[in-house]
Amino acid sequence: MITIYHNPRCGKSRECIAFVENSKQEFEVVKYLENPLTFKELETIIKKLNIKPIELIRTKESIWVERFKGKTLTDKEIVQSMVDFPILMERPIAVKGNKAVIARPFERVNEII
């Protein structure tokens, strides 16, 4: 089962869902803006992505620019910023088992199928 963390207003996210639908893989969609992730859930996803938390941040989002840009933040503070402001999280994220990818481009989902 693939889990896709999805923002319906994001074209790349919609492309990812269409791609997985066409692949005939079982999947579920989590609309993370409506159902924000917990700190622990985000930490788990970041570990599966094998990245630093800052690599999951949309640094051009106005919230990031206004509140966090130029500040020295710990990894925990960066994760907490995504808990507090889910829009900061890069998308879409596809997770299957212990593997995950930021599906930009959407074809990166093939890495976990």
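Okay, so let's go over this structure.

1. Description of the packing of aromatic side chains
The description of an aromatic ring pair uses the distance of the two centres, along with the angle that the planes make with each other.
Then step 1. Using the criterion set out here, one finds three aromatic pairs in the structure.
Then step 2. With 5.1 Å between their ring centres and 55° between their planes, phenylalanine 19 and phenylalanine 106 make a pair best called tilted. In this pair, phenylalanine 19 is assigned in helix H1 (residues 11-22) and phenylalanine 106 in the segment after strand S4 (99-102), connecting sequence segments 87 residues apart.
Then step 3. Connected via pairs of aromatic rings, a cluster forms that spans Trp64, Phe68 and Phe85.

2. Notes on the side chain of asparagine 7
Then step 1. Topologically, asparagine 7 is positioned in the loop between strand S1 (2-6) and H1.
Then step 2. Judged by relative accessible area, which is 3%, asparagine 7 ranks as buried.
Then step 3. Setting aside its immediate chain neighbours within four residues, asparagine 7 contacts Ser13, Tyr32, Leu33, Ile87 and Arg91.

3. Here we look at the sheet that holds strand S3 (residues 93-96)
Then step 1. Pairing within the open sheet is mixed, and its four strands lie in the order S2-S1-S3-S4. Edge positions in the open sheet fall to strand S2 (27-31) and S4, since each of these has one partner strand only. On average, each strand axis in the sheet is tilted by 20° relative to the strand beside it, whichever way the strands run.
Then step 2. Taken strand by strand, H1 contacts S1 and S2, and its axis lies near 160° from that of S1.
Then step 3. Most of the contacts of helix H2 (residues 39-49) go to S4, to which it runs at about 90°, and overall it touches S1, S3 and S4.

4. Quick look at the pairing of S2
Remember that side chains alternate between the two faces of the sheet whenever the strand is regular.
Then step 1. With five bridges joining them, S1 and S2 adopt parallel strand pairing. The residue of S2 that forms the bridge with threonine 3 is glutamate 28.
Then step 2. Once the chain exits S1 it traverses H1 before rejoining the sheet at S2, and the crossover so formed is right-handed.

5. Re the pattern of salt bridges
One side chain can pair with another of opposite charge once the charged atoms of both are near each other.
Then step 1. Applying the stated rule across the entire model yields six salt bridges.
Then step 2. Linking glutamate 90 and arginine 104 is a salt bridge whose minimum nitrogen-to-oxygen distance equals 3.5 Å. Of this pair, glutamate 90 sits in the loop between helix H4 (75-84) and S3 while arginine 104 sits in the segment after S4, and the two are 14 residues apart along the sequence.
Then step 3. Take glutamate 90: its relative accessible area is 14%, and that puts it in the buried class.
Then step 4. Under the relative-accessibility criterion, arginine 104 is labelled partly exposed at 33%.
Then step 5. Overlapping salt bridges bring together Arg58, Glu61, Glu90 and Arg104 as one network.

6. Regarding the state of the cysteines
Then step 1. By the definition in use, this model includes zero disulfides.
Then step 2. In this structure cysteine 10 is a free cysteine whose sulfur lies 9.6 Å from that of cysteine 16, the closest cysteine sulfur available.
Then step 3. The class for cysteine 10 is buried, based on a relative accessible area of 7%.

Reading guide: rules and limits
- Within every chain, residues take consecutive numbers counted from 1 along the sequence as written.
- Thresholds applied to this predicted model are a pLDDT of at least 70 for local features of residues and 80 or more for the giving and counting of side-chain atom pairs; totals over whole chains, interfaces and linings are not thresholded and use all residues.
- Heavy atoms from the whole structure form the basis of all side-chain values; hydrogens and water molecules are not counted.
- Here the aromatic set is Phe, Tyr and Trp, taking the six-membered ring for Trp, and pairing holds for ring centres within 6.5 Å; pairs whose planes are under 30 degrees apart are stacked, those over 60 apart are edge-to-face, and all others are tilted.
- Labels follow the DSSP assignment, with helices taken as runs of H or I lasting at least four residues and strands as runs of E lasting at least two, numbered in each case from the N terminus.
- Summary of the burial criterion: residues with accessible area below 20% of their type's maximum are buried, those above 50% are exposed, and those between are partly exposed, where the area comes from a 1.4 Å probe applied to protein chains only.
- What makes two residues a contact is simply this: any of their non-hydrogen atoms within 4.5 Å.
- Paired strands are those between which DSSP finds at least two bridges.
- Axis definition: a line fitted to C-alpha atoms, limited for helices to the stretch in contact. Angles are taken between N-to-C directions and run from 0 to 180 degrees.
- Seen with its strands pointing away from the viewer, a crossover is right-handed if its path from the first strand over the helix to the second goes clockwise.
- Whenever a carboxyl oxygen of Asp or Glu lies within 4 Å of a side-chain nitrogen of Lys or Arg, that contact is scored as a salt bridge.
- For the purposes of this analysis, a disulfide is any pair of cysteine sulfur atoms at a distance within 2.5 Å.

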